[in-house]
Amino acid sequence: MPTTITRGLPTRSPVRHWPGIVATALTATVSGMPGFTVGALAPAIGADLHLSRSAVGLAMSLFYAATAFGSPVAKRVAARLPVTTVLAVAALVASAVMVVASRATGPGLLTAALLVGGLSNALVQPVASRLIAARVPERRRSLAAGMIGAALGAAALVPGLLVALVLPAYGWRTALLVAGVAALVPVALVPLARAPGGPPPVRPKEAGDERRTVGRVLVLWALAAALSATGNNAVATYFVELGTHSGLGTTVTGNLLSLSALFAIAVRIIAGALTDRAPHRNAAVIVAMMLTGGLGLALIAIGTATTFVLGAILAFSAGWGWTGLLLATTLRLVPGRTEDAGHTVQIGVYAGATIAPFAFGALSSALEFPATALLAAVAAVAAAAAMTAGALLLRRVG
């Protein structure tokens, strides 16, 4: 399917588009940090505030639910407001959310703060799609999308460092406060993503049958993202508890979380750079990554320290490494409707992330961690099947 670049922004800036992509990726990182940080600090928060695992999980689920269900509105906002305004607001709100959460004395304030943070988090992905389609050359879009997708891995990196370096000595409140201050860094960088205004994007005309088929493919791919994200987000959310359950110390688990996040970042960027050479194979690469993530979740289910380390690296790197590729693939599928591409990826990923914390917390309380991790592995296999179904449907009409 031919790709039409969105009008209104310069489409060829071989040097200048990368600083803007980096600024956007950093903003995406900090806007997603509240959910990951509370997840990493959940054992300490729950113990101090006398909250059950399910109660903390519900608060985190509401963060992701706000992102998923706020995505339709965010899609329209991203199409109208300046890129820099959207990014600055997202970073400032994320910082405020973590500072407020650090003062929580019960579930009410913690939940309310995460709910607001989830709504602002919804703004980033659609505006990132708009920026990529308008500013990045076709031959570099998978790499650019991979850099944006790496934000999910980076959002887990800082919480891992906080668990290892700040939590033992200073407690969870100070750790959240440090995260809130760190979230201010991208605010100084968002001017790099400045883009001149212009007329509304020109959308290519599609035949009715083609448009319906594309719609079905997007639904299947959003479903695949949701299923895969369910398992991977559950592991990210309960990483520290899963690690300690497998026999690792809290500090070691925090360091492993940071290391796994680094692997996730590297895989997203490398995969984006490599698949730019053959973008028509993106769907097959995504399926392979989802299946590999399922294998990682199955290894975690075994419950030993060794299998947890191996499984965590696979689940984080490959199992969650497909987000940028899915964004690049949907951008090519719906040229001229860039916010729709970001919306598809975002609503899928965060719908799965909505289910994960509360469901995993409740199921693990009833079935224990190994059986629940195995259920997450089954969800990853189902995600690969949905992704494959969408790719085959697209091939039949192509």
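Conventions adopted
- Every chain begins its residue count from 1, and numbering advances along the sequence as written.
- Only residues with pLDDT of at least 70 get local features here, since the model is predicted, and only at 80 or more are side-chain atom pairs given and counted; chain-wide, interface and lining totals rely on the full set of residues.
- Each side-chain value is derived from all of the structure's non-hydrogen atoms; neither hydrogens nor water enter the calculation.
- Side-chain atoms within 4.5 Å link the members of a nonpolar core, which is a set of buried Ala, Val, Leu, Ile, Met, Phe, Trp, Tyr and Cys residues.
- Relative accessibility under 20% of the residue-type maximum defines a buried residue, over 50% an exposed one, and the middle range a partly exposed one, all with a 1.4 Å probe and only protein chains included.
- In this analysis, two residues are considered to be in contact whenever any of their non-hydrogen atoms come within 4.5 Å of each other.
- Within this scheme a cavity is a closed region of a 1 Å grid, computed over the protein atoms alone, that accommodates a 1.4 Å probe without allowing it to escape, whereas a pocket is open but has protein on both sides within 12 Å along at least five of seven lines; lining residues each have an atom within 4 Å of a point.
- Grid points are joined across faces, edges and corners, and a volume is the space filled by probe spheres set on the points.
- Comment: elements are numbered from the N terminus, with helices defined as DSSP H or I runs of at least four residues and strands as E runs of at least two.
- Residue polarity is assigned by list, with Asp, Glu, Lys and Arg as charged and Ala, Val, Leu, Ile, Met, Phe, Trp, Tyr, Cys and Pro as nonpolar; anything else, Gly included, falls into the polar class.
- Between the rings of Phe, Tyr and Trp (Trp by its six-membered ring), a pair exists once the centres lie within 6.5 Å; its type follows the angle of the planes, with under 30 degrees stacked, over 60 edge-to-face, and the other angles tilted.
- Confidence per residue, as judged by the predictor, is encoded in pLDDT with a range of 0 to 100.

*Asks:* Would you mind going over the nonpolar core with me for this structure?
*Replies:* Generally speaking, soluble globular proteins have nonpolar side chains that are buried together. Ile132, Phe316, Trp322 and Met387 are the most contacted members of the largest nonpolar core, which totals 122 residues. Beyond its immediate chain neighbours, meaning those up to four positions away, Met387 contacts Trp221, Ala224, Ala283, Ile286, Val287, Met290 and Leu326.

*Asks:* Would you explain empty space enclosed by the protein in this entry?
*Replies:* Rolling a probe over the atoms, with the probe sized like a water molecule, indicates the empty space that remains. Within this structure, the stated rule accounts for 4 cavities of 30 Å³ or more. Reported here for the largest cavity is a volume of approximately 180 Å³. Listed by contribution, the elements that provide at least two residues to the lining of the largest cavity are helix 1 (17-40), helix 6 (124-135), helix 7 (141-170) and helix 15 (338-397). A per-class count over the lining of the largest cavity returns 8 nonpolar, 7 polar and no charged. The computed volume of the second largest cavity comes to approximately 40 Å³. What lines the second largest cavity is simply Leu242, His245, Ser246, Ile300, Gly303, Phe308, Phe369 and Pro370. Among the secondary structure elements, those contributing two or more residues to the lining of the second largest cavity are helix 10 (239-245) and helix 15.

*Asks:* Honestly, the packing of aromatic side chains in this entry has me stumped. Any pointers?
*Replies:* Remark: the centre distance and the inter-plane angle together describe each pair of aromatic rings, the angle taken between the planes. Taken as a whole and assessed by the stated rule, the structure comprises 3 aromatic pairs. Seen from their ring centres, Phe36 and Tyr64 are 6.4 Å apart, and the 75 degrees between their planes marks the pair as edge-to-face. Of this pair, Phe36 sits in helix 1 while Tyr64 sits in helix 3 (residues 53-80); the two residues are 28 residues apart in sequence, bridging distant segments of the chain. Assigned by exposure class, Phe36 and Tyr64 land together as buried. Site record: aromatic cluster; members linked through ring pairs are Phe36, Phe63, Tyr64 and Tyr350.

*Asks:* What should I look at first to understand unusual backbone geometry in this one?
*Replies:* Among all residues except glycine, the phi angle is most often negative; among peptide bonds, the trans geometry is most common. The phi angle at His50 is positive, at roughly 60 degrees, despite the residue not being glycine. Mapped onto the secondary structure, His50 falls in the loop between helix 2 (42-49) and helix 3. Of the residues examined, His50 reaches a relative accessible area of 72% and is grouped as exposed. Although it is not a glycine, Glu368 adopts a positive phi angle of roughly 75 degrees. When you line up the elements, Glu368 lands in helix 15. Here Glu368 falls in the partly exposed class, since its relative accessible area comes to 45%.

*Asks:* Can you help me understand the confidence of the model for the protein chain in this one?
*Replies:* Reading predicted coordinates in detail is not appropriate for stretches of low pLDDT. Per-residue pLDDT for the protein chain averages 82, and the proportion of residues at 70 or more is 90%. Predicted confidence is poor over residues 1-15, with pLDDT under 50, and the contacts of this stretch with residues over four places away or in other chains come to 45 contacts. Long-range and interchain partners of residues 198-202, a stretch whose pLDDT sits below 50, account for 8 contacts in this model, where long-range means more than four residues apart.

*Asks:* I would appreciate a short explanation of the side chain of Thr372 in the present structure.
*Replies:* Along the chain, Thr372 falls in helix 15. Contacts of Thr372, omitting those with residues within four sequence positions, involve Phe360, Leu363, Ser364 and Leu367.

*Asks:* When you look at the environment of Phe308 in this model, what are you seeing that I'm missing?
*Replies:* Along the chain, the position of Phe308 falls in helix 13 (residues 305-317). In this structure Phe308 comes out as buried when scored by relative accessible area, which is 0%. Separated by 64 residues in sequence, Phe308 and Thr244 have C-alpha atoms that sit 10.0 Å apart. Sequence-distant contacts of Phe308, that is, excluding residues within four places in its chain, are made with Phe239, Leu242, Gly243, Ser246, Leu248, Leu256, Leu299 and Ile300.

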